[in-house]
Amino acid sequence: MEMEMEEECKHTNREDGLAAAYTTTATTTTTTTGTSSSTTNGIPWPYTDDETLCPNHPQQSIQWYTFERSNTYTSMMNDYNTYIANSGDINALAMFVADNPFIVEPMFHLAMFFFSMGENERGIELIKRILWVLEHASLSTLMYPQDYKYKSKNNGTGAGAMTMNLMQEGRKENEVFFAALFRLVQTSCMIGCVATSLATSRFLLSLDPWLDPMGVLLVMDYYALATRREDDIEFLIDLVESDVIKVCHESGDEQFVGHICDMPNWSYSYAFALYRKSLYVDDEVDDESEEDENGNEADGENIDSATNNNDTAKKRSIKQQADDALAAALCRFPFIPRLLLEKNNVN
């Protein structure tokens, strides 16, 4: 079954210029596993393939968002592309951005110029302003998703569905949104804000989790490990074990759909995350043991051996999972350790 709902919302900001910039359109497609769609309606593969959907969620509501330019915005962009974009005059570009502070594409080009000149702070300021403009032009459900409910012909009642808020990077209107988010990921890591890089990369991946047009899966596992926070370790482990993220690639008539651990970095990072988790369990067991010993000295009671045995078994289980995951990674990608040793100048 496929159900489509079109909703369009025009946002008027308190700032006069933003009202003429962007509108946002959302298209909702609800799909029930076991059926197939005969029309794609511009939706890319693999989202048109029901067999690719996460098996843990038999009912899914996929809501597609896209930015739409107003006539005024389109006219300004035509002037920019005609007279400034290919002129190579950075002063003209800066003046255009100053006169049109809500036209995001020229603003992004100016930010890239600042980054190339080493003026990262000014570049980051422009990136943040771009994201501010696009956030105000977005539907609230894109930034703050809610559960989508619909009536199914099968049960006739309102049923909760997992809502996926997606956006196509291939549409010209959406390109600058993806590019600005990706630059925020990069620059945040460069200045040591790894947690910001992780949060932004998670949002960026959520916009197109199976095609991953910006390639954040190549670095997001590093950010999750680099924060050294237990919650981020749990996120990495849950992401792998849930099998929600698919690695999809299409080349001509050939289509590939794989698990996230088909990527070498995630295969090794998953093993490392399990090892880190075992260390956190060790610390928790030690803390609980100290508390029990202190309590026993005061109350004169013996330590509960059953609790200690359970904690030890849990610790061994996680360590065994880490060892098994590392062994699987070594079997699948044996060349990775050699590359790591060469990178660290180890003979």
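None of these values were measured; they are calculated from a predicted model.

**Q** Please give an account of the side chain of threonine 200 that cites residues and values.
**A** The topology assignment puts threonine 200 in helix H7 (residues 194-207). Look past the residues within four positions of threonine 200 in its chain and what remains in contact with it is Leu181, Leu184 and Val185.

**Q** Describe H7, with residues and values.
**A** Between its first and last C-alpha, H7 extends 20 Å over 14 residues, near the 20 Å set by a 1.5 Å rise per residue. Buried residues of H7: Val194, Ser197, Leu198, Thr200, Ser201, Leu204, Leu205 and Leu207, and no others.

**Q** Could you give an account of the nonpolar core, with specific residues and numbers?
**A** One finds Ile127, Ile130 and Trp266 to be the most contacted residues of the largest nonpolar core, which totals 68 residues. No other element matches the nine residues that helix H6 (residues 175-190) contributes to this core. Each residue touching tryptophan 266, except ones within four places of it in the same chain, is listed here: Leu217, Met220, Asp221, Leu236, Leu239, Val240, Ile260 and Cys261.

**Q** A description of the pattern of salt bridges should follow, citing residues and the corresponding values.
**A** Scanning the entire structure with this criterion turns up seven salt bridges. Measuring nitrogen to oxygen at the nearest pair gives 2.9 Å for the salt bridge that ties arginine 229 to aspartate 232. Of the charged contacts in the structure, one is a salt bridge between glutamate 234 and lysine 277, with a shortest N-O distance of 3.5 Å. Here glutamate 234 is found in helix H9 (residues 230-242), whereas its partner lysine 277 is found in helix H10 (residues 264-299), with 43 residues between them in sequence.

**Q** Pulling in residues and values, what's your account of the state of the cysteines?
**A** One covalent bond between the sulfur atoms of two cysteine residues makes up a disulfide. Taken as a whole and assessed by the stated rule, the structure comprises zero disulfides. Cysteine 193 forms no disulfide, and the closest cysteine sulfur to it belongs to cysteine 189, at a distance of 9.4 Å. In this structure cysteine 193 comes out as partly exposed when scored by relative accessible area, which is 34%.

**Q** Provide a residue-level description of helix H1 (residues 71-83), including the pertinent values.
**A** Taking 1.5 Å as the rise per residue, H1 with 13 residues should run 18 Å; its terminal C-alpha atoms sit 18 Å apart, in good agreement. Listed in full, the buried residues belonging to H1 are Tyr73, Met77 and Tyr80. Viewed along the axis of H1, the buried residues span an arc of 60 degrees, placing them on a single side of the element. Looking at H1, the residues exposed on the side facing more than 90 degrees away from the buried face are Asn71, Thr82 and Tyr83.

**Q** An account of the layout of surface pockets is needed here, citing residue identities and associated values.
**A** Counted as a void, the second largest pocket has a volume near 320 Å³. Lining the second largest pocket we find 13 residues, and of these Tyr268, Ser269, Phe272, Leu326 and Leu340 sit closest to its centre. Put simply, the parts of the chain that give the lining of the second largest pocket at least two residues each are H10, helix H11 (305-332) and helix H12 (335-343). Here the element with the most residues in the lining of the second largest pocket is H10; it accounts for five residues. Residue composition of the lining of the second largest pocket, by class: 11 nonpolar, one polar and one charged.

**Q** Could you give me a rundown of the packing of H1 against helix H3 (residues 104-116), with the residues and numbers involved?
**A** Look at H1 against H3: their axes get within 10 Å of each other, and the N-to-C directions meet at 40 degrees. On the basis of their axis angle, the class for H1 and H3 is oblique. For the pair H1 and H3, contact is made by Tyr73, Met77 and Tyr80 and by Val104, Glu105, Pro106 and His109, respectively. Residue composition of the contact of H1 with H3, by class: five nonpolar, one polar and one charged.

**Q** Go over a nonpolar patch on the surface with me, naming the residues and quoting the values.
**A** There is a patch of nonpolar side chains on the surface, built from Phe272, Tyr275 and Leu279 and spanning about 260 Å² of accessible area. Its location among the elements puts leucine 279 in helix H10.

**Q** Tell me about the pairing of strand S7 (residues 254-259), and name the residues and values.
**A** In this sheet, S7 lies alongside strand S6 (residues 246-251) in antiparallel orientation, the contact comprising six bridges. Considered in S7, the bridge of valine 247 is made with glycine 258. From the end of S6 to the start of S7, which pair antiparallel, there are two residues, and glycine 252 there has a positive phi angle of about 65 degrees.

**Q** Before we move on, can you summarise the packing of aromatic side chains with the specific residues and values?
**A** Applying the stated criterion across every chain yields a total of eight aromatic pairs. Ring geometry for tyrosine 80 versus phenylalanine 96: centroids 5.3 Å apart, planes at 40 degrees, classification tilted. Taken together, the residues span a long stretch of sequence, with tyrosine 80 in helix H1 and phenylalanine 96 in helix H2 (residues 90-99) at a distance of 16 residues. For the pair phenylalanine 177 and phenylalanine 203, a centre-to-centre distance of 6.3 Å together with 80 degrees between the ring planes defines the contact as edge-to-face.

Cut-offs applied
- Residue positions within a chain follow its written sequence, with the count starting from 1.
- In keeping with the model being predicted, local features are shown solely for residues with a pLDDT of at least 70 and side-chain atom pairs are shown and tallied solely at 80 or more, while totals for entire chains, interfaces and linings include all residues.
- Excluding hydrogens and water, the side-chain figures rest on all heavy atoms present in the structure.
- Counting from the N terminus, the helices are the DSSP runs of H or I reaching at least four residues and the strands are the DSSP runs of E reaching at least two.
- Here a residue-residue contact requires only that any non-hydrogen atoms of the pair lie within 4.5 Å.
- Helix span, as expected, comes to 1.5 Å for every residue beyond the first.
- Partly exposed residues are those whose accessible area sits between 20% and 50% of the maximum for their type, while under 20% is buried and over 50% is exposed, using a 1.4 Å probe and protein chains only.
- Here, the term nonpolar core denotes a set of buried Ala, Val, Leu, Ile, Met, Phe, Trp, Tyr and Cys residues that are joined through side-chain atoms within 4.5 Å.
- Salt bridge, as used here: a side-chain nitrogen of Lys or Arg that lies within 4 Å of a carboxyl oxygen of Asp or Glu.
- The criterion for a disulfide is a pair of cysteine sulfur atoms lying within 2.5 Å.
- Arc definition: it is the arc formed by the directions from the helix axis to the C-beta atoms.
- Cavity: a set of points on a 1 Å grid over the protein atoms alone where a 1.4 Å probe fits but cannot get out. Pocket: an open set with protein on both sides within 12 Å along at least five of seven lines, its lining residues, like those of a cavity, having an atom within 4 Å of a point.
- Grid points are joined across faces, edges and corners, and a volume is the space filled by probe spheres set on the points.
- In this classification, Asp, Glu, Lys and Arg are treated as charged, Ala, Val, Leu, Ile, Met, Phe, Trp, Tyr, Cys and Pro as nonpolar, and every other residue, Gly included, as polar.
- Note on definitions: angles span 0 to 180 degrees between N-to-C directions of axes, and those axes are lines fitted to C-alpha atoms, for helices only across the stretch in contact.
- Note on angle classes: values under 35 degrees are labelled roughly parallel, values over 145 roughly antiparallel, values of 65 to 115 roughly perpendicular, and the remainder oblique.
- Here a patch means residues that are over 30% exposed by relative accessible area and free of salt bridges, tied together within 9 Å if like-charged and within 5 Å if nonpolar (Val, Leu, Ile, Met, Phe, Trp, Tyr).
- Note on areas: Shrake-Rupley with a 1.4 Å probe; residue coverage comes only from the protein chains shown.
- Paired strands, as defined in this entry, are two strands with at least two bridges between them according to DSSP.
- Working definition: a ring pair exists when centres of Phe, Tyr or Trp rings (six-membered ring for Trp) sit within 6.5 Å. Plane angles under 30 degrees give stacked, over 60 give edge-to-face, the rest tilted.

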